[in-house]
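# Analysis of the macromolecular model
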Amino acid sequence: MSKKRRSEKNATEQENLTAEEMETVQTEAQEPTAEEPAQETAAEQTAAEAAADEAEEPQQEAEQEDEQAQALKEALAKQEEYLTLAQRIQADFENFRRRNRNVRAEAFDEGAAAFVTTLLPVVDNLERAIAAAQNTTDESLKVGVEMVYRQLCDAFTKRGITVIDRKGEPFDPKLENAVMQGSAEDGEPGTVCDVFQKGYKLGETVLRHAMVKVVPE
């Protein structure tokens with residue numbers, strides 16, 4: 001065989017081989033592979049999972065809203081509890097301040113009453129001195145005693161101290177002590193016909209009962 005014929009034969013074989021390979025590639029391209037069903041199945045699973053997630057989202061949102069509502073409810077309850085506690089503490093403190101203020105006022109009044117009680121004999125003696133000075137010729141002494149007496153009475157008045165001197169009025173055992181009994185000629189039955197010693201009171205508190213003479217009933 002000549003050299004030229006062998007070359008033509010080789011070229012023909014190469015063309016045939018190439019055609020066969022091309023046919024094989026086309027056939028493989030037309031035939032479905034085993035990987036395609038698997039890919040489709042994975043895509044379907046992914047879609048199903050996405051749908052499931054979408055279905056769960058409203059439920060999760062509803063659960064979150066319920067949790068937030070419950071948390072808000074608990075917070076409001078705590079707020080109300082703390083507000084009530086604060087109001088109770090404030091009320092207790094106001095009551096404490098009021099009681100403390102009343103206690104201080106009562107203590108002050110008691111101290112003032114005790115002090116004024118010690119001055120009552122001084123007032124009695126000044127009244128006796130004024131009565132005795134009516135028969136004296138020393139006008140300066142009389143004026144001086146009367147001035148001291150008026151100043152002391154003014155101080156009593158400013159402090160809320162009043163005199164119990166109820167001659168001619170019905171006898172009141174809460175204000176007076178009956179130390180002597182009068183006669184029917186002294187006045188109306190059951191009335192005070194004479195006052196031996198004046199009484200005094202601070203507000204509604206009697207510092208000293210008046211010593212009186214009462215007409216029998």
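Everything numeric here is computed off the predicted structure, so don't read it as measured data.

### Structural notes on the overall build of the protein
- Scanning the protein from terminus to terminus reveals three helices and six strands.
- In sequence order, the secondary structure elements of the protein are arranged as α-α-α-β-β-β-β-β-β.
- Classification of the 217 residues of the protein by burial places 16% in the buried group.
- Once local pairs closer than 6 in sequence are excluded, the contacts in the protein between residues at least 24 apart make up 64%.
- In the structure as shown, the protein presents an accessible area of about 16,900 Å², 53% of it carried by carbon and sulfur atoms.

### Observations concerning the pattern of salt bridges
- According to the stated counting rule, one finds eight salt bridges in the structure shown.
- Of the charged contacts, one joins lysine 198 and glutamate 127 as a salt bridge, the two residues approaching to 3.3 Å between their closest N and O atoms. Of this pair, lysine 198 sits in the loop between strand 3 (192-197) and strand 4 (199-202) while glutamate 127 sits in helix 2 (residues 35-132), placing them 71 residues apart in sequence.
- For lysine 198, a relative accessible area of 25% corresponds to the partly exposed category.
- Glutamate 127 sits in the partly exposed class, given a relative accessible area of 22%.
- A single network of salt bridges, built from pairs that share partners, joins Arg166, Glu169 and Glu176.

### A few points about the packing of aromatic side chains
- Per the stated rule, a full pass over the model turns up two aromatic pairs.
- Look at phenylalanine 156 and tyrosine 200: their rings are 6.1 Å apart centre to centre, the planes differ by 80°, and that puts the pair in the edge-to-face class. Of this pair, phenylalanine 156 sits in helix 3 (residues 139-158) while tyrosine 200 sits in strand 4, and the two are 44 residues apart along the sequence.
- For tyrosine 200, a relative accessible area of 2% gives the class buried.

### As for a negative patch on the surface
- A surface patch of like charges, here negative, comprises Glu61, Glu63, Glu65, Asp66 and Glu67.
- Mapped onto the secondary structure, glutamate 65 falls in helix 2.
- A residue is classified by how much of its surface remains accessible, and glutamate 65, at 52% relative accessible area, is exposed.

### Remarks on the nonpolar core
- Of all hydrophobic cores here, the largest spans 14 residues; its most connected members are Val116, Val123, Phe156, Ile161, Tyr200 and Leu207.
- For this core, the secondary structure elements donating two or more residues are helix 2, helix 3 and strand 4.
- The element contributing the most residues to this core is helix 2, with six residues.
- Every residue in contact with valine 123, bar those within four places of it in the chain, is listed here: Tyr149, Leu152, Phe156 and Tyr200.
- Counting seven residues, the second largest nonpolar core, distinct from the first, contains Ile164, Leu175, Val195 and Ala210.

Parameters at a glance
- Residues numbered from 1 in each chain as written.
- Predicted model: local features only at pLDDT ≥ 70, side-chain atom pairs only at ≥ 80, totals over all residues.
- Heavy atoms only, no water.
- Helix = DSSP H or I, 4+ residues; strand = E, 2+ residues; numbered from the N terminus.
- Buried < 20%, exposed > 50% of the residue type's maximum accessible area, 1.4 Å probe, protein only.
- Contact = heavy atoms within 4.5 Å.
- Areas by Shrake-Rupley, 256 points an atom, 1.4 Å probe, with all protein chains shown as cover.
- Salt bridge = Lys/Arg side-chain N within 4 Å of Asp/Glu carboxyl O.
- Phe/Tyr/Trp six-rings, centres within 6.5 Å; stacked < 30°, edge-to-face > 60°.
- Patch = residues over 30% accessible without salt bridge, like charges linked within 9 Å, V, L, I, M, F, W, Y side chains within 5 Å.
- Lys, Arg positive; Asp, Glu negative; His and termini not counted.
- Charge placed at Lys NZ, Arg CZ, Asp CG, Glu CD.
- Core = buried A, V, L, I, M, F, W, Y, C linked by side-chain atoms within 4.5 Å.

Structural measurements only, silent on function.
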